[in-house]
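A structural walkthrough
Spelled out, the chains give:
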Amino acid sequence: MSDLDRMLEQAQAVQEQMAAMRDRLSATEVTGTAANGAVRVSMTAAGTFTGVRLDPHLLADTNPEELEELMLAALQDAGAQLREMTEHRMGSLNEIFQSLQQ
């Protein structure tokens, strides 16, 4: 097998692994929370928001400004989880590229 054939096979393998990773990320969901879980925001790793849950007691006991701050905190928490997960997965992708260089 020539070096070019080997490189093409490796490129195909990387492409398949990247597609599989993208599919896993799209199916992965994170949930950001605030106020000990009284506010929950769910989103996929692709960035699509899938749900919001507010504890009914929170609505009765919280003024609108505080509720806005809690919603923002839950959104930020979900975003932070997504960034952390993406960085972890990108580390796996870097390992794949490094293995190709050997």
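Residues numbered from 1 in each chain as written. Predicted model: local features only at pLDDT ≥ 70, side-chain atom pairs only at ≥ 80, totals over all residues. Heavy atoms only, no water.

Along the protein, the regular secondary structure elements total 3 helices and 3 strands. From first element to last, N terminus to C terminus, the protein shows the α and β order α-β-β-β-α-α. In the protein, 47% of the contacts between residues at least 6 apart in sequence involve partners at least 24 apart. Summed over all atoms, the accessible surface of the protein reaches about 7200 Å², with 52% contributed by carbon and sulfur. (Helix = DSSP H or I, 4+ residues; strand = E, 2+ residues; numbered from the N terminus. Contact = heavy atoms within 4.5 Å. Areas by Shrake-Rupley, 256 points an atom, 1.4 Å probe, with all protein chains shown as cover.)

This part is about the side chain of T44. Mapping T44 onto the fold places it in strand β2 (residues 39-44). Relative accessible area serves as the criterion here: at 14%, T44 is assigned to the buried category. With residues near it in sequence (within four places) discarded, T44 still touches S26, T28, E29, T50 and L82. (Buried < 20%, exposed > 50% of the residue type's maximum accessible area, 1.4 Å probe, protein only.)

Here G47 lies in the loop between β2 and β3 (49-54). Once the C-alpha coordinates of G47 and A78 are considered, the two residues, 31 residues apart in sequence, prove to be 9.8 Å apart.

Residues V30, G32 and A34 of strand β1 (residues 29-34) are buried on one face, while the alternating residues E29, T31 and T33, pointing to the opposite face, are not. Note: β1 against β2, 6 bridges, orientation antiparallel. Residue T31 lies in a different strand from β2, and its bridge partner there is S42. Hairpin connection, β1 to β2: the antiparallel pair is bridged by 4 residues, and A35 has positive phi, about 55°. (Pairing = 2+ DSSP bridges.)

You can see T62 is positioned in the loop between α2 (56-61) and α3 (64-101). At 2.8 Å, the side chain of T62 forms a polar contact with the backbone oxygen of L58. Sequence-distant contacts of T62, that is, excluding residues within four places in its chain, are made with L67 and L70. (Polar contact = N/O pair within 3.5 Å; in protein donor to acceptor, adjacent residues only side chain to side chain.)

Right, let's talk about a negative patch on the surface for a bit. Residues E65, E66, E68 and E69 make up a contiguous surface patch of negative charge. According to the relative accessible area criterion, E68 is exposed, its value standing at 55%. (Patch = residues over 30% accessible without salt bridge, like charges linked within 9 Å, V, L, I, M, F, W, Y side chains within 5 Å. Salt bridge = Lys/Arg side-chain N within 4 Å of Asp/Glu carboxyl O. Lys, Arg positive; Asp, Glu negative; His and termini not counted. Charge placed at Lys NZ, Arg CZ, Asp CG, Glu CD.)

The next subject is the nonpolar core. Counting 8 residues, the largest nonpolar core is built from M21, L25, V30, M43, A45, A78, L82 and M85. Residues A34, A38, V39 and A74 belong to the second largest nonpolar core, which totals 7 residues. (Core = buried A, V, L, I, M, F, W, Y, C linked by side-chain atoms within 4.5 Å.)

The 3 strands are arranged β1-β2-β3 in an open sheet whose pairing can be described as antiparallel. Where the open sheet ends on each side, the last strands, each with one partner, are β1 and β3. With strand direction ignored, the average angle separating the axes of adjacent strands in the sheet is 15°. (Axes fitted to C-alpha atoms, helices over the stretch in contact; angles between N-to-C directions.)

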